[in-house]
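Working through the structure, step by step
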Amino acid sequence: MGGVKIDALELRRVNLPLVRPFRTSLGTETVREALVIRVLTADGEGWGECVAGSEPLYSSEYVDSAWLTIRDHLAPRLFAGPALSAARVAPRLAGIKGHRMAKAGLEMAVLDAELRSAGMSFSEFLGGVKDAVAPGVSVGITGWISELVDVIAGYLDDGYCRVKLKIEPGWDLAPVRAVRERFGDELMLQVDANTAYRRSDIAHLAKLDDFGLLLIEQPLDEEDLLGHAQLAARISTPVCLDESIVSATAAADAISLGACSIVNIKAGRVGGYLEARAIHDVCSAHGVPVWCGGMLETGLGRAANLALAALPGFSLPGDVSATARYYTEDITPPFVLTDGTIEVPQGPGLGVAIVTASLEALTSQTELIKGS
Ligand code: SMG
Ligand code: MG
């Protein structure tokens with residue numbers, strides 16, 4: 001692959017209403033505001049998605065910050081210099097500190113453009129070994145436990161094979177107990193706290209050990225690796241990290257410190273699909289299982305996540321669900337659940353087409369950034 005020369009970048013803010021509100025310990029989302037990036041090259045185009053949210057709740061990045069960072073700091077560096085391969089995007093942007101989600105969206109768009117030209121799929125490029133992926137579903141906090149149980153029953157009917165419950169102080173033991181009582185011990189069940197607990201909650205979190213969970217995800221602050229190591233030493237439920245793992249180095253350190261025994265990999269959080277693959281490799285070398293996280297992506301990010309989840313170390317079902325779990329209208333054709341799996345796209349690049357009419361209808365802002 002010879003790289004691509006970028007002539008211009010197009011940024012788009014798209015607003016996708018969720019089929020039901022998604023409540024976590026961080027807040028409630030009813031509309032997914034996404035930042036879609038299109039790179040225009042001499043002989044084609046590539047599409048990317050920045051997974052930052054509307055507000056800096058999950059991470060310090062948010063759509064407006066990513067937009068400005070791309071326009072004022074990252075795009076000028078991408079335009080400077082000769083044709084660019086995706087592998088050179090991160091080094092070229094390394095002078096800018098942080099802003100991993102913004103960088104990841106750009107790298108994804110460049111990789112899509114490059115792979116389209118080369119006629120190779122994301123999955124083949126990344127080293128995928130599966131044609132289809134087992135779907136998991138992340139279930140938000142509901143008003144009542146009866147509502148939670150009903151929502152989960154619907155997802156199990158749809159064919160989801162693993163359920164993740166969002167938890168927070170006051171919504172943990174009781175919902176987990178109710179779900180176990182209703183659906184039994186065979187259900188693959190895990191919980192995600194999005195940093196809602198403190199070290200002083202360790203004795204409380206140990207009570208989750210009674211429920212045979214696959215894992216507990218990011219219970220403590222993202223910077224509290226030591227606290228996670230202390231927790232992991234005190235509980236039998238495996239500790240999985242999400243927010244804390246911002247790079248392959250961070251993953252290696254967390255594993256060495258005993259802060260986690262499972263890793264959630266999200267390309268946006270770590271600066272791109274190439275770093276995500278490096279984390280997969282580090283974890284595989286340590287015998288640490290990984291799974292693909294989700295950020296309520298549009299069909300673009302979903303296509304790329306399916307390709308990532310096709311790598312051999314992704315031995316646990318991820319937060320990769322069918323489009324209908326999130327949206328009635330998306331900017332690509334929907335991903336569907338068939339026979340309990342979702343197919344990994346095999347076409348060149350992301351392997352998905354944009355539905356132009358939907359993209360236009362859902363877009364609230366665009367900006368074209370031209371190279372010199
Ligand atoms: O894409 O299905 C999805 C959402 C999965 O729970 C999910 N993501 O912490 O893992 C996580 C959350 C982050 C998004 S909510 C702010
Ligand atoms: Mg998480």
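Residues numbered from 1 in each chain as written. Chains lettered and ligands numbered in written order. Predicted model: local features only at pLDDT ≥ 70, side-chain atom pairs only at ≥ 80, totals over all residues. Heavy atoms only, no water.

1. Quick notes on the coordination of the magnesium ion (ligand 2)
Reference values for coordination geometry: four tetrahedral donors around a metal ideally subtend 109.5 degrees, six octahedral donors ideally subtend 90 or 180 degrees. So the rule is basically this: Donor selection uses N, O and S atoms within 2.8 Å of the metal (3.2 Å for Na, K and Ca). Since no water is included, sites may look incomplete. Each helix is a run of H or I in the DSSP string that is no shorter than four residues. Each strand is a run of E no shorter than two, and both are numbered from the N terminus. Buried residues are those whose accessible area, probed at 1.4 Å on protein chains only, stays under 20% of the maximum for their type, while exposed residues exceed 50% and partly exposed ones sit between those limits.
Within the protein, the atoms that donate to the magnesium ion (ligand 2) are Asp192 (OD), Glu217 (OE) and Asp242 (OD), at distances of 2.1 to 2.3 Å. Spacing between the donor residues of the magnesium ion (ligand 2) along the chain follows D-x24-E-x24-D. Of this pair, Glu217 sits in strand S8 (residues 216-217) while Asp242 is found in the loop between strand S9 (239-241) and helix H9 (248-257), placing the two residues 25 residues apart along the sequence. Taking relative accessible area as the criterion, Glu217 reaches 0% and is therefore assigned buried.

2. Observations concerning unusual backbone geometry
Positive phi is not limited to glycine here, since Asn194 has a value of about 45°. Within the secondary structure, Asn194 sits in the loop between strand S7 (188-192) and helix H7 (202-205).

3. Details of the site of ligand 1
Condition: Nearness of a residue to a molecule or strand requires only that one of the residue's heavy atoms be within 4 Å of it. The definition of a polar contact used here is a pair of N or O atoms within 3.5 Å, where within protein one atom must be able to donate a hydrogen and the other to accept one, and adjacent residues in sequence count solely through side-chain atom pairs. Lys, Arg, Asp and Glu make up the charged group, whereas Ala, Val, Leu, Ile, Met, Phe, Trp, Tyr, Cys and Pro make up the nonpolar group; the residues left over, Gly among them, are polar.
For ligand 1, the set of nearby residues contains 17 residues, the closest of which are Ser138, Lys164, Asn194, Leu296 and Tyr326. Asp192 is positioned such that a nitrogen or oxygen atom in its side chain is 3.1 Å from an oxygen atom of ligand 1. Within the side chain of Lys266, one N or O atom sits 3.0 Å away from an oxygen atom of ligand 1. For the shell around ligand 1, the residue count by class is 6 nonpolar, 3 polar and 8 charged.

4. Thoughts on the packing of H9 against helix H11 (residues 273-285)
Note the following rule: Under this scheme, a helix contributes an axis fitted over its contacting stretch, all axes are lines through C-alpha atoms, and angles between N-to-C directions fall in the 0 to 180 degree range. Convention used here: angles under 35 degrees read as roughly parallel, angles over 145 as roughly antiparallel, angles from 65 to 115 as roughly perpendicular, and any remaining angle as oblique. Each crossing gets its hand from how the near helix is turned against the far one by less than a right angle, where anticlockwise is left-handed and clockwise is right-handed. In this description, contact between two residues means that some pair of their heavy atoms is separated by no more than 4.5 Å.
H11 packs onto H9 with a crossing angle of 25° between their chain directions and a minimal axis gap of 8 Å. The angle between the axes of H9 and H11 places the two elements in the roughly parallel class. In this structure, H9 crosses over H11, and the sense of that crossing is right-handed. Residue-level contacts link Ala248, Ala251, Ala252 and Ile255 of H9 to Glu275, Ala278, Ile279, Val282 and Cys283 of H11. For the contact of H9 with H11, the residue count by class is 8 nonpolar, no polar and 1 charged.

5. Some thoughts on the side chain of Arg325
Formally: Residues counted as positive are Lys and Arg, residues counted as negative are Asp and Glu, and His and the chain ends are not counted. Salt-bridge detection follows one rule: a side-chain nitrogen of Lys or Arg within 4 Å of a carboxyl oxygen of Asp or Glu.
For Arg325, the position within the fold is in the loop between helix H12 (299-309) and strand S12 (342-343). The charged side chain of Arg325 is buried without a salt bridge, its nearest counter-charge being Asp319 at 8.0 Å. Polar side-chain contacts of Arg325 include one of 2.7 Å to the backbone oxygen of Ser138. Excluding residues that lie within four positions of it along the chain, Arg325 makes contacts with Val19, Phe22, Val137, Ser138, Tyr155 and Tyr160.

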